[in-house]
Amino acid sequence: MGLSLKKRLVMATAFIAVLALFSIFFLGSEAAKKNLAMEGVVVLGNPQAKMEFLVIEDFLCSSCRSFHSQVFSQINRTYIATGQARYILVPISVIHGSESLANAALAVYQQAPHSFIPFISQMFRYAIDDEIDPVALASKVDGIDLFQLRTCVAEDCNREKLEQNLRWARRKMGNRFALPALFINGKRASTGSFSEISRQVADEGHVHHFDQCEEIVSCEEAKEVQ
Amino acid sequence: MKEYALYIAWLITLIGVGVSLAASELLFLPPCPLCWVQRCSLYPLALILGIAAYRDDRQIYIYTLPLALIGAGFAFYQFFTATRGCSACSGSEGLLLALFSGIGFSAIAFILYKSRS
């Protein structure tokens, strides 16, 4: 005697469910293989440096603002400007209203890399809610083509890159998703203070902590720059 | 309709399994501890209800109804206390998933209760 209609239905559903399960895991493993796309990030400093700072930020996040004003300037002076490290900034948008700021930041970096740091400093200083127009902020910074920037912001030209950045950031941080996130040579680091960061840099061994580098010439040079 | 009640409950469970796996594997939303408790309730249901639907075993509600109620309880708890819960689930996507999870578990529990012989 053949199977009843209901049993056939159950078996067909089970077959489809197993196929769907395999598809999810296959697509998931394919998506996980995708690395961070370099066209969606900002790279500052010496690209060949052995030390790498990777920072994930949202331009409306208050902790990111504190990090930028209190810590980034020292990282910039000590490691980026001296060519000891490269600094990769991954802009993401998780806070409502920060999309246009992240979009504008990438657009400024693409058209005028030297204006990027002054521009994000303006953003962190004045953009405390989603009502700030990034083009108005850009007008206070030299070297930015405002018409081009306005067009890019209006067309949301970096949306896909920002979405990709967010997916990548979620995958990288998992349950420890918090902003700003700092990775020094791939290892999660504290964003609390510059002294903690420089201690971790020293532990990494590529760049010496200034308290420990009396005998090292490169450190002397770095101190002078600082 | 009562004849297909177990099958419908199983179908809802399968959709739940698919959504939960897609959220973590494709959207990279990390499951928080409360999400894991709900998964612990949901995944056995996918197997048990499938077998029960095939065998038309309506006594299965004795085993599956508690699982569905536990899942619903945790899902609604997560939905209403999301801001105090894990940060990964306090976003709009996490809240929406918790709400759908609560509705799904409640629907399964209701169907199982109504379809008992």
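Residues numbered from 1 in each chain as written. Chains lettered and ligands numbered in written order. Predicted model: local features only at pLDDT ≥ 70, side-chain atom pairs only at ≥ 80, totals over all residues. Heavy atoms only, no water.

Chemist: Now, about the overall build of chain A: what can you tell me, with residues and values included?
Modeler: Helices and strands together make up the secondary structure of chain A, namely nine helices and five strands. When the helices and strands of chain A are listed from N to C terminus, the series reads α-β-β-α-β-α-α-α-α-α-β-β-α-α. Out of the 226 residues belonging to chain A, those deemed buried represent 45%. Taking the contacts inside chain A whose residues are at least 6 apart along the sequence as the reference set, 69% of them involve residues at least 24 apart. Summed over all atoms, the accessible surface of chain A reaches about 11900 Å², with 53% contributed by carbon and sulfur. (Helix = DSSP H or I, 4+ residues; strand = E, 2+ residues; numbered from the N terminus. Buried < 20%, exposed > 50% of the residue type's maximum accessible area, 1.4 Å probe, protein only. Contact = heavy atoms within 4.5 Å. Areas by Shrake-Rupley, 256 points an atom, 1.4 Å probe, with all protein chains shown as cover.)

Chemist: Go over empty space enclosed by the protein with me, naming the residues and quoting the values.
Modeler: All names here are of chain A. For the coordinates displayed, the defined rule picks out one cavity of 30 Å³ or more. One number sums up the size of the largest cavity: a volume of about 40 Å³. Along its surface, the largest cavity is lined by Leu 44, Glu 57, His 68, Phe 72, Tyr 87, Leu 89, Phe 116 and Ile 120. Looking at the lining of the largest cavity, the elements that each hand over two or more residues are α2 (62-80), β3 (85-91) and α4 (116-126). Partitioned by chemical class, the residues of the lining of the largest cavity number six nonpolar, one polar and one charged. (1 Å grid on protein atoms, 1.4 Å probe; cavity = no way out; pocket = protein on both sides within 12 Å on 5 of 7 lines; lining within 4 Å. Points joined across faces, edges and corners; volume = space filled by probe spheres on them. Nonpolar A, V, L, I, M, F, W, Y, C, P; charged D, E, K, R; others polar.)

Chemist: Describe in detail unusual backbone geometry, supporting the description with residues and values.
Modeler: All names here are of chain A. Cis rather than trans, the peptide bond between Leu 179 and Pro 180 has omega equal to -5°. Along the chain, the position of Pro 180 falls in the loop between α7 (159-173) and β4 (181-184). Positive phi values are uncommon outside glycine, yet Asp 156 reaches one of about 55°. By relative accessible area, which is 30% here, Asp 156 ends up partly exposed. Non-glycine residue Asn 185 carries a positive phi angle of around 50°. Of note, Asn 185 is situated in the loop between β4 and β5 (187-189).

Chemist: Account for the state of the cysteines, naming residues and giving values.
Modeler: Counting across every chain of the model gives two disulfides over all chains. Put simply, Cys 61 of chain A and Cys 64 of chain A are joined by a disulfide, and their sulfur atoms are 2.4 Å apart. The sign of the S-S torsion, about 90°, decides the handedness of the disulfide formed by Cys 61 of chain A and Cys 64 of chain A: right-handed. Assessed through its relative accessible area of 0%, Cys 64 of chain A is described here as buried. Covalent S-S linkage joins Cys 152 of chain A and Cys 157 of chain A, the inter-sulfur distance amounting to 1.6 Å. Given a relative accessible area of 37%, Cys 157 of chain A falls into the partly exposed group. Within chain A, bonded cysteines paired by disulfides and numbered along the sequence follow the pattern 1-2, 3-4. Counting only cysteine sulfurs, Cys 32 of chain B is the nearest neighbor of Cys 35 of chain B, a cysteine outside any disulfide, at a range of 3.1 Å. Under the relative-accessibility criterion, Cys 35 of chain B is labelled buried at 17%. (Disulfide = S-S within 2.5 Å.)

Chemist: For the environment of Thr 64 of chain B, give the residues involved together with the corresponding values.
Modeler: All names here are of chain B. Relative to the helices and strands, Thr 64 resides in helix α3 (residues 61-80). In this structure the C-alpha to C-alpha distance between Thr 64 and Leu 112, which are 48 residues apart in sequence, comes to 7.8 Å. Filtering out sequence-adjacent residues up to four positions away, Thr 64 remains in contact with Leu 45, Ile 48, Leu 49 and Leu 112. At 3.0 Å, the side chain of Thr 64 forms a polar contact with the backbone oxygen of Ile 60. (Polar contact = N/O pair within 3.5 Å; in protein donor to acceptor, adjacent residues only side chain to side chain.)

Chemist: Account for a nonpolar patch on the surface, naming residues and giving values.
Modeler: Residues Phe 15, Ile 16 and Leu 19 of chain A make up a contiguous nonpolar surface patch of roughly 340 Å² in combined accessible area. Here Phe 15 of chain A is to be found in helix α1 (residues 5-33). (Patch = residues over 30% accessible without salt bridge, like charges linked within 9 Å, V, L, I, M, F, W, Y side chains within 5 Å. Salt bridge = Lys/Arg side-chain N within 4 Å of Asp/Glu carboxyl O.)

Chemist: Now, about the environment of Ile 48 of chain B: what can you tell me, with residues and values included?
Modeler: Residues and elements named next belong to chain B. Tracing the chain through its elements places Ile 48 in helix α2 (residues 33-55). Along the sequence, Ile 48 and Trp 10 sit 38 residues apart, while their C-alpha atoms lie 8.6 Å from each other. Once you skip the residues sitting within four places of it in the chain, Ile 48 turns out to touch Ile 60, Thr 64 and Leu 67.

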